[in-house]
Amino acid sequence: MKTIKRWAAMALGAAMSLSLAACGLGGVSDSDAVTFVQGNLDAYYLGQYNDDYLKLMDMTEEEAAEDHAWNVEQEAQIMMTAFEMYATETTTAKMEELVEEIYSHSKYEVNSANKLDDGSYAVSVTVYPIDILVQYTSSTDHYAIWENLLTEHGITTQEDLDAMSDSDYEAMEDAYADTIIQGIRDLMPSIGYEPEQSVVLQLQLEGNVYTPVETDWQNLDAMIVDYSGQYAE
C-alpha cells in the first residue's frame, strides 16, 4: 500500500572497511598511518588515488575506485532517507550524481599520527563540514513540496493516493525528488564550510593488522556533510 512517505531505513555513517597489514620490514611507521588515513579519505570522498596509498595497500586504482563508488552509493541512500525520497532508479542515479558533486568539495586535513602504548595509532584529522544541506533546509520546507505535488495531482486523501497506479505514483515521487535535488544544485555556487572540527581516528592493532575503529570513522563521516547544522556557529 502506498503511503504519503515511504523509504528504507539506512544506518548513518558507514565505516571504512580496509585494514593495514603490519608485516614487513620495520612494520608500520607514523608516516604509513598518515598515508593510510589520507588515502582512505581521498579515495572515499574525492575519488583521488595517491600512488603511495595504493602501494601501501597493495591495491589497484580500479579497486580504490570501487570503494569510492560504494561510498557515494551509501551517501546517496542516506540523503534520500533524510529527505524522505522514494528511491526509484531514476532518483537514485540523480542523487548519486549530486553526492559526487558535493563530495568533490570535501575539505579535511590529516595532521599527525601518534603511536600508542599498546602499539595502536591515533591519527588527528581536521574536518571542515560542508554546509550545502543546512543552507537548503534552512530555506526550504520539503514537506511543503510534497503537499503541493499532492494538490497538483488532486490527491486529498489516503484513498486517493492508494488509487494511483504504481507508474503515476513513482512519477510523482520522482518529481518530488527532482525538485529537491535541483534546489540543492541551485545552491552549489554558494557552497561553504562550517567551523573546523577535530577528530582522532584510531587504528587498532590486532595481531599483525591495524583495523580502523568503526565509531571514530563514523564520527568523521558525519562531519563531512552537515545535515542538521550541528557544526554551524
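Residues numbered from 1 in each chain as written. Predicted model: local features only at pLDDT ≥ 70, side-chain atom pairs only at ≥ 80, totals over all residues. Heavy atoms only, no water.

A separate point is a negative patch on the surface. Judged by side-chain charge, Asp-51, Asp-52, Asp-58, Glu-61, Glu-62, Glu-63 and Glu-66 come together as a negatively charged surface patch. Looking at the negative patch, the elements with two or more residues in it are helix H2 (51–57) and helix H3 (61–82). Here the element with the most residues in the negative patch is H3; it accounts for 4 residues. Looking at the secondary structure, you find Asp-58 in the loop between H2 and H3. (Patch = residues over 30% accessible without salt bridge, like charges linked within 9 Å, V, L, I, M, F, W, Y side chains within 5 Å. Areas by Shrake-Rupley, 256 points an atom, 1.4 Å probe, with all protein chains shown as cover. Salt bridge = Lys/Arg side-chain N within 4 Å of Asp/Glu carboxyl O. Lys, Arg positive; Asp, Glu negative; His and termini not counted. Charge placed at Lys NZ, Arg CZ, Asp CG, Glu CD. Helix = DSSP H or I, 4+ residues; strand = E, 2+ residues; numbered from the N terminus.)

Before going further, it helps to examine the packing of aromatic side chains. Summed over the entire model, instances satisfying the criterion amount to 8 aromatic pairs. Between Phe-36 and Trp-217, the aromatic rings sit 6.5 Å apart at their centres with planes inclined by 85°, giving edge-to-face as the arrangement. Placement of the pair is Phe-36 in helix H1 (residues 30–46) and Trp-217 in helix H9 (residues 214–224), with a sequence separation of 181 residues. Across this residue pair, the class does not change: Phe-36 and Trp-217 are buried. Consider the rings of Tyr-121 and Tyr-210, whose centres lie 5.6 Å apart with planes at 55°: the pair is tilted. Taken together, the residues span a long stretch of sequence, with Tyr-121 in strand E3 (residues 121–127) and Tyr-210 in strand E5 (residues 209–212) at a distance of 89 residues. The two residues Tyr-121 and Tyr-210 agree in class, both being buried. (Phe/Tyr/Trp six-rings, centres within 6.5 Å; stacked < 30°, edge-to-face > 60°. Buried < 20%, exposed > 50% of the residue type's maximum accessible area, 1.4 Å probe, protein only.)

What follows is about unusual backbone geometry. Of note, Asp-58 is a non-glycine position whose phi angle comes to about 50°, a positive value. Unusually for a residue other than glycine, Glu-84 sits at a positive phi of about 55°. One can find Glu-84 in the loop between H3 and helix H4 (89–103). Here Glu-84 falls in the buried class, since its relative accessible area comes to 10%.

The next thing to look at is the environment of Val-134. With respect to the secondary-structure elements, Val-134 resides in helix H5 (residues 132–139). Taking the C-alpha atoms as reference points, Val-134 and Gly-229, separated by 95 residues in sequence, lie 5.6 Å from one another. For Val-134, the residues in contact, after removing those within four places along its chain, are Glu-194, Asp-226, Tyr-227, Ser-228 and Gly-229. (Contact = heavy atoms within 4.5 Å.)

Note that Asp-42 resides in helix H1. It turns out Asp-42 is buried and unbridged, and the closest side chain with the opposite charge, Lys-107, is 14 Å from it.

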